[in-house]
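Coordinates in review
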Amino acid sequence: MINSKDALVLVLAGGVGSRLNILVGHRAKPAVPFAGIYRIIDFSLSNVMNSGMTRVGVLTQYKPLSLMRHIGGGEAWDFTGRTRGVKILPPRTGEKESDWYKGTADAIRQNIDFIESNPSEEVIILSGDHIYKMDFDAMVEYHRYKKADVTVGMMVVPMSEIHQFGAGIVDKENRIIDWEEKPEIPRTNLASMGIYIFNTKYLLKTLHLSREEADFGMHILPRAIQNDRVFAYPFYGYWRDVGTIQAYWEANMDVIREDSGISPQEWGIRPNLSADGRPMDRAPARFFSGCTVMSSMISAGCIIEGTVENSVLSPGVYVAEGAVVKNSVIFEDSFIGKDAVVDLTICDKRVRIGQNAVIGEGGDNSRPNRNFPKHLYTGISLIGKETEVLPGMKIGRNCILLPKHLENDYGDKGEVVDGESF
Amino acid sequence: MFKPSTLAMILAGGRVDELGVLTYFRPKSAVPFGGFARVIDFALSNLLHSGIELVAILSQYRSYSLINHIGTGEAWDMIGRYRGISILPPFKDYENPNWYRGSADAVYQNLDFVQFHEPSEILILSGDHIYQMDYREMIKFHIAKEADLTAAFIEVDQSKSHRFGIGEIEFENQRGGRLVHYEEKPEKPRSNLASLTILCFRPRVLYEILAENQKQESYEFGRDIIPSMMQRNYKIYGYLHKGYWGYTRTVDEYWQTSMDLLGKTPRINLEEWGLRTNLDHRNIRDCQPLLVGSRAIMDNSMAYNGCHIHGTVRNSILFPGVTVEKGAEVIDSVLFFNTIVENGAHLNRVVGDVNTTFGAGSQVGGPKTDGSGEGITVVGWNNHVPDRMKIGTGCTVYPQLAEERWSIDSLRDNEVLR
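Residues numbered from 1 in each chain as written. Chains lettered and ligands numbered in written order. Predicted model: local features only at pLDDT ≥ 70, side-chain atom pairs only at ≥ 80, totals over all residues. Heavy atoms only, no water.

1. Comments concerning the overall build of chain B
Note the threshold: The helix count covers DSSP runs of H or I at least four residues long, the strand count covers runs of E at least two residues long, and both are numbered beginning at the N terminus. Our radius of gyration is a C-alpha quantity, and the globule rule it is checked against amounts to 2.2 Å times the number of residues to the power 0.38. Buried residues are those whose accessible area, probed at 1.4 Å on protein chains only, stays under 20% of the maximum for their type, while exposed residues exceed 50% and partly exposed ones sit between those limits. Working rule for contacts: check all heavy atoms of both residues, and any pair within 4.5 Å makes them a contact. None of His or the chain ends enter the tally, which takes Lys and Arg as positive and Asp and Glu as negative. Charge coordinates come from a single atom per side chain, which is NZ of Lys, CZ of Arg, CG of Asp or CD of Glu.
If you tally the helices and strands in chain B, you get nine helices and 33 strands. Relative to the globule expectation of 22 Å for 418 residues, the C-alpha radius of gyration of chain B, 22 Å, shows essentially globular dimensions. Judged by the C-alpha coordinates and their principal axes, chain B covers about 65 × 50 × 50 Å. Relative to its 418 residues, chain B shows a buried fraction of 61%. Partitioning the intrachain contacts of chain B with sequence separation of at least 6 by distance along the chain shows that 58% fall at a separation of at least 24. Positive and negative charge centroids in chain B, built from 43 and 51 side chains respectively, lie 1 Å apart.

2. Overview of the sheet that holds strand 23 (residues 340–341) of chain B
Heads up, the rule is: The rule for pairing is simple: two strands pair if DSSP sees at least two bridges between them.
Taking strand neighbours across the sheet as the criterion, the twelve strands line up as 31(A)-28(A)-25(A)-22(A)-19(A)-16(A)-14(B)-17(B)-20(B)-23(B)-26(B)-29(B) in an open arrangement whose pairing is mixed. With one partner strand each, in any of the chains shown, strand 31 (400–401) of chain A together with strand 29 (384–385) of chain B form the two edges of the open sheet. Two elements, strand 20 (residues 323–324) of chain B and strand 23 of chain B, share two bridges in a ladder whose sense is parallel. Residue pairing for strand 23 of chain B: V324 of chain B is matched across the bridge by V341 of chain B.

3. Concerning the interface of chain B and chain A
Note the cut-off: Buried surface area refers to the total accessible area, computed with a probe of radius 1.4 Å, that the two partners give up upon joining, counted for both partners together. In what follows, salt bridge is the name for a side-chain nitrogen of Lys or Arg lying within 4 Å of a carboxyl oxygen of Asp or Glu. Residues adjacent in sequence count toward polar contacts only when both atoms are side-chain atoms; beyond that, a polar contact is any pair of N or O atoms within 3.5 Å, and within protein one must be able to donate a hydrogen and the other to accept it. Any residue outside Ala, Val, Leu, Ile, Met, Phe, Trp, Tyr, Cys, Pro, Asp, Glu, Lys and Arg is labelled polar, Gly included; the first ten of those are nonpolar and the last four are charged.
On the side of chain A, 39 residues touch chain B, which itself brings 33 residues to the contact. Buried area between chain B and chain A, summed over both chains or domains, comes out near 3000 Å², and the portion from carbon and sulfur atoms is 50%. Joining chain B to chain A, the criterion identifies three salt bridges. K264 of chain B is paired through a salt bridge with E305 of chain A; the nearest N and O atoms lie 3.4 Å apart. Where chain B packs against chain A, one counts 15 residue pairs in polar contact (both at pLDDT 80 or more). Every element with two or more residues in the side of chain B that touches chain A is listed here: helix 9 (270–273), strand 14 (290–292), strand 15 (297–299) and strand 16 (301–303) of chain B. Here the residues of the side of chain B that touches chain A are counted per class, giving 15 nonpolar, twelve polar and six charged. The sheet contact formed by strand 16 (residues 296–298) of chain A and strand 14 of chain B spans three bridges and is antiparallel. Bridge pairing in strand 14 of chain B links M297 of chain A to L291 of chain B.

4. Description of the pattern of salt bridges
It is possible for side chains bearing opposite charge to pair when their charged atoms get close. Residue and element names in this part refer to chain A. Taken as a whole, this structure holds 43 salt bridges over all chains when the rule is applied. Between D259 and R257 there is a salt bridge, and its shortest N-O distance comes to 3.4 Å. Among the residues examined, R257 registers a relative accessible area of 45% and is labelled partly exposed. One salt-bridge network, in which partners are shared between bridges, spans R240, D254, R257 and D259.

By themselves, these figures tell us nothing about what the structure is for.
Below is the structure:
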């Protein structure tokens, strides 16, 4: 009997995700921390696990170390066992047709040997950088029922956002009859989620046609729609591409809100706490007398003496007496000093905010970051990994502090004004 | 070739009547403690940090919870070529039809296991205590003194001395000296040095004395083995341990020791002590960070991932998965895994076991009264306290009570519902 659980899963996790700016300075986008204890790729991997698929390849390219360490042997998602497994598939040289991955389809093409050595009826291709919950088992059933060559996961998005996506036009049967990649003038509001199921034989055949076809949305799908059976699988529910700082921040805030429809634990999303060694030993979060905590998500190992409002704290964050953290996302083991104020800020790991320092608060939202006006324009400031903000310093809105700035780097500088970087 | 030379054996078999309903379904060593861990994790973490990697656990009473908790031993890094945790349950054979008749009998029955490993020292520990200690210091002392037995002691309040094994040490230095007198639970204690039930034996001597002990009627290390070794003039040393020592023999003590976790400089500092637990037990590793609602108040408390806090929590410890609904109040309490405190419920000085729901508007426990003891109310696991139920101070509610047992209006102070 053919079992839908036998489908082979390939997760595309190689993209740079450069719009996440310094958050992807030293790690791939799927490895960016999210909602306190997770990383973005945990959502895809957990969905695969909860759908019952057991054979997974993760295609990496850009700064894969952090991601590889996080995936480890795959125990966290139950991918270990006699017939189970998760394999990291980096680009390789020294073989026929080998090179860096030039696009989604090219990356899959360069791993045809992996697909052939794991016989399957269908190949599920996912992106590793989305926040959602989905049952791929049901999608495979749908794919079979439609006798499709390709099935594309699609959802309705606002017309104004369709220019960021592949857009499909469907008939009554949900068969896709026309396709536009990132259209400037939208004809539909049905967007591709970057989730594809291919009949394995069909996938191998179509990838062999031309080496020039590097991308699914640009090349493979339009031709398939013209010649073959391509169906849309409608998805309803919470789904976010957290590829921009704004979207990333909003999705974190959604986790706090009770009515947002996102709940990692209820969705069965599994983190891999032991990936970095330390976090698995964290004690419960401690809340001191006189602290104020409202509408926030707090991880084990945090110590809260001051005020935390509307924020997401990863394990081991210390908020000292009198300090205020609001509307912010703070990564592991960051320290917020006494009477400091941190507003609308994303702090990477092990950041130190000195006493009385002020970040964001009082600044002007309307001055986008000068170097990256398309990354930071709503007021969010970024503090890079292990950077130290000196006591009393003032950092404005839409600012970027690069990673690993230490005390001596600042000289006389006491302020970073709105929209500036340092 | 490197091989571990010290074998540690943890006594984890017992239950204690006074701890009542908390040990109804689990041994005392598996009682939850510290907002995410179990009591035995303190001994196991001490072993981990002391580099002792060959460990046996003697379990008997309701051992499933403990076996489940230990898992492969990976959580304490005790898995590998020469590292490991073995659980030693009681067994029958041609000669011996008995359960473990006491701590010393438990070790005696497993002497083949012990001898197989050819340890250079045997460290016997209780799995029931809350403390941090580097056993290597004590073992060094033991070896330097060429002792047959070294027992660890700690200073306790003289007024409580009668509850422990009390020793008199002829101090040679600050570390300790010859043990000159030992008495288990003396009516008139001659000192305030209490045994921690941390005993380091020269293996040959342990084998001798355990074989000898089999002729007797009682088989306890504190009550029988140490006194009989004193009598026979073995070389016994007392080793003074300084630091925190918490015990949890009664519900009041359990509660008091738990309260030592709180405050700005807590007497039990889990982070500093490096406490490790098995996050696979109850799958607590899969809990999302705790969510604090817009109207919540958290005051001098600790809470682990998986909690949802919408009400008020003061001076309390919340284990993973506890929900405190809007308008509910939890004060001076310890709530185990997956407790639900419904809207308007009010808990004061309560220890609530796993999976218990406190119905809307219920009032459980209360401030300290004039009576003796702390008057802590304890509620056993898998109960549903009905809406608006009133339960007084010092009450005991047995686990898993059927709905009809709850057809009462209220429970007066110190009453028991079973």
